[in-house]
Structures are given as structure tokens and as C-alpha cells.
Amino acid sequence: TFDAKNASNFYNAGRLYFDLKDYNEAISMLSKATTLDKKHVNAYKLKLKSNIELKDYEKALKESDAVLALEQNQTNYYWHAFVHEKFGNYNQAETFLRKSLDKSPNALETNIALADVLYKAKKYDQSLESCNKALQLDSKSTDALWIRSKVYREKIDYTKAIEDLSRIIYFSPDNEQAFFNRGLYNQEYTKYQDAINDFSK
């Protein structure tokens, strides 16, 4: 009311609405911030995340373009790839994830995201490499183990696929999806009693 031309005020209001999960109101405030200050990169980032929460990926991509135009860093490349992945643009997602890793090669979340995108693009050998890199960074990463188990299944290596699911169950013994998937793999591997045990669990 008293300082209506201060972009920081609108950004701070947008940040609070985001924390309250009122994403539409957050976007409204953040849009005013970027109108007043077209280089307010944090406001664009938060608009990007708000649109992702609303699953409005077209608008998210527009905000991501604006963020990258202002600042090319590991995080911004990651989010740009995230939006492309939602559109099924796996090659573009891969490109931006690799750019993200050029900035920060040991970013665990980015290595996992790359493994997942490569799996979805049916580039199984490359996906396996990214899974292994992620597991070198964190040997207990259930996300990396999950993707790797799916890759091994596609490569018809059921022994290793089942081993990875067993590791997930070791780290997370109440993970019913891991038991279910291990049951499926055991069934496909004709280990029927093991499959029954997993499905029962």
C-alpha cells in the first residue's frame, strides 16, 4: 500500500503465499515483482516453482526460459530439464541435465534425474552409468537403486534387478511398492514361491 513500486515487497509477499501453498496468489504477487524488476531472478524462480506445483508446465517453461536468460547455473539448468521432462522432451531434458552436471558433477539429485530421463528415453546403458555414479555419491540412495532395478529388468538381468530391490527393502522395510515390484520380477524370473512371498508381504 505505501511502497507499491518496490519489487522486493511483492517478492516477499509471493514467497509467503508460496509457503502457504496458495500458488495462484503467489504468482500474482511475483508477476508484479518481475514487472517492476525484469531482472529479479528469484521472483522468476519462484513463479517457475509455483507453476510446477499447479502442473501448468507451459507457463513453467516460460518462466524457466526467463530464469536461464538471466542466470545459467546448476540449479537453473536442472529446473529447465525438469520441465522438459514433464513434456516428454527427454533429449532436451538430457541436454540441460548434462549442462547442470558440467557446473556441479557431484550433484546427487541431478545424477539421479539424468538416470531417470535416460531410462525413459530407453538409453539403458547410459542410464546405468548415471545410476552407478549416483550410487558412488550415496550408496544408500533408494531412488538410484529403484531406477537401476528397472534398467536391469529391461536388460533381462533379473538377478541384479532383484538385488537392487532387496537393498531398497533393507533400507526401507515398509516399502510395499518395492515388495510388489520384487514379486513381479521374481514372477518373470519364474521364481514363483519367492514371488508369492513378496506379494503376500
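A brief structural summary. Note that the structure is predicted; figures quoted are calculated from it, not measured.

Examining the packing of aromatic side chains
- What the rule picks out here adds up to 8 aromatic pairs.
- Their ring planes at 25 degrees and their centres at 6.2 Å tell us that Tyr 77 and Phe 96 sit as a pair that is stacked. With a gap of 19 residues between them, Tyr 77 in helix H5 (residues 74-86) and Phe 96 in helix H6 (residues 90-103) connect regions that are remote in the sequence. With respect to class, Tyr 77 is no different from Phe 96; both count as buried.
- The interplanar angle of 85 degrees and the centroid separation of 5.5 Å between the aromatic rings of Tyr 78 and Trp 79 together place this pair among those described as edge-to-face.
- Its relative accessible area of 12% is what places Tyr 78 among the buried residues.
- A relative accessible area of 22% means that Trp 79 is categorised as partly exposed.

Describing the nonpolar core
- Among the nonpolar cores identified, the biggest contains 23 residues, and Ile 147, Val 151, Ile 168 and Tyr 185 are the most heavily contacted of them.
- Looking at this core, the elements that each hand over two or more residues are helix H7 (108-120), helix H8 (124-137), helix H9 (142-154), helix H10 (158-171) and helix H11 (176-188).
- Contacts of Ile 147, omitting those with residues within four sequence positions, involve Ile 112, Ala 115, Asp 116, Tyr 119, Ser 127 and Cys 131.
- One finds Tyr 77, Phe 96, Leu 97 and Val 117 within the second-largest nonpolar core, a separate group that totals 12 residues.

Comments concerning the side chain of Asn 76
- Structurally, Asn 76 can be placed in helix H5.
- At 2.9 Å, the side chain of Asn 76 and the backbone oxygen of Glu 71 are in polar contact.
- Not counting residues up to four positions away in its chain, the partners in contact with Asn 76 are Lys 45, Val 67, Leu 68 and Glu 71.

Re the layout of surface pockets
- Here the largest pocket defines a volume of roughly 200 Å³.
- Lining the largest pocket are Tyr 78, Ala 81, Phe 82, Glu 85, Lys 86, Leu 97, Glu 109, Ala 113, Asp 116, Val 117 and Lys 120.
- When contributions to the lining of the largest pocket are tallied by element, the ones reaching two or more residues are H5 and H7.
- Its residues assigned to classes, the lining of the largest pocket comprises 6 nonpolar, no polar and 5 charged.

What counts, and at which threshold
- Residues numbered from 1 in each chain as written.
- Predicted model: local features only at pLDDT ≥ 70, side-chain atom pairs only at ≥ 80, totals over all residues.
- Heavy atoms only, no water.
- Phe/Tyr/Trp six-rings, centres within 6.5 Å; stacked < 30°, edge-to-face > 60°.
- Helix = DSSP H or I, 4+ residues; strand = E, 2+ residues; numbered from the N terminus.
- Buried < 20%, exposed > 50% of the residue type's maximum accessible area, 1.4 Å probe, protein only.
- Core = buried A, V, L, I, M, F, W, Y, C linked by side-chain atoms within 4.5 Å.
- Contact = heavy atoms within 4.5 Å.
- Polar contact = N/O pair within 3.5 Å; in protein donor to acceptor, adjacent residues only side chain to side chain.
- 1 Å grid on protein atoms, 1.4 Å probe; cavity = no way out; pocket = protein on both sides within 12 Å on 5 of 7 lines; lining within 4 Å.
- Points joined across faces, edges and corners; volume = space filled by probe spheres on them.
- Nonpolar A, V, L, I, M, F, W, Y, C, P; charged D, E, K, R; others polar.

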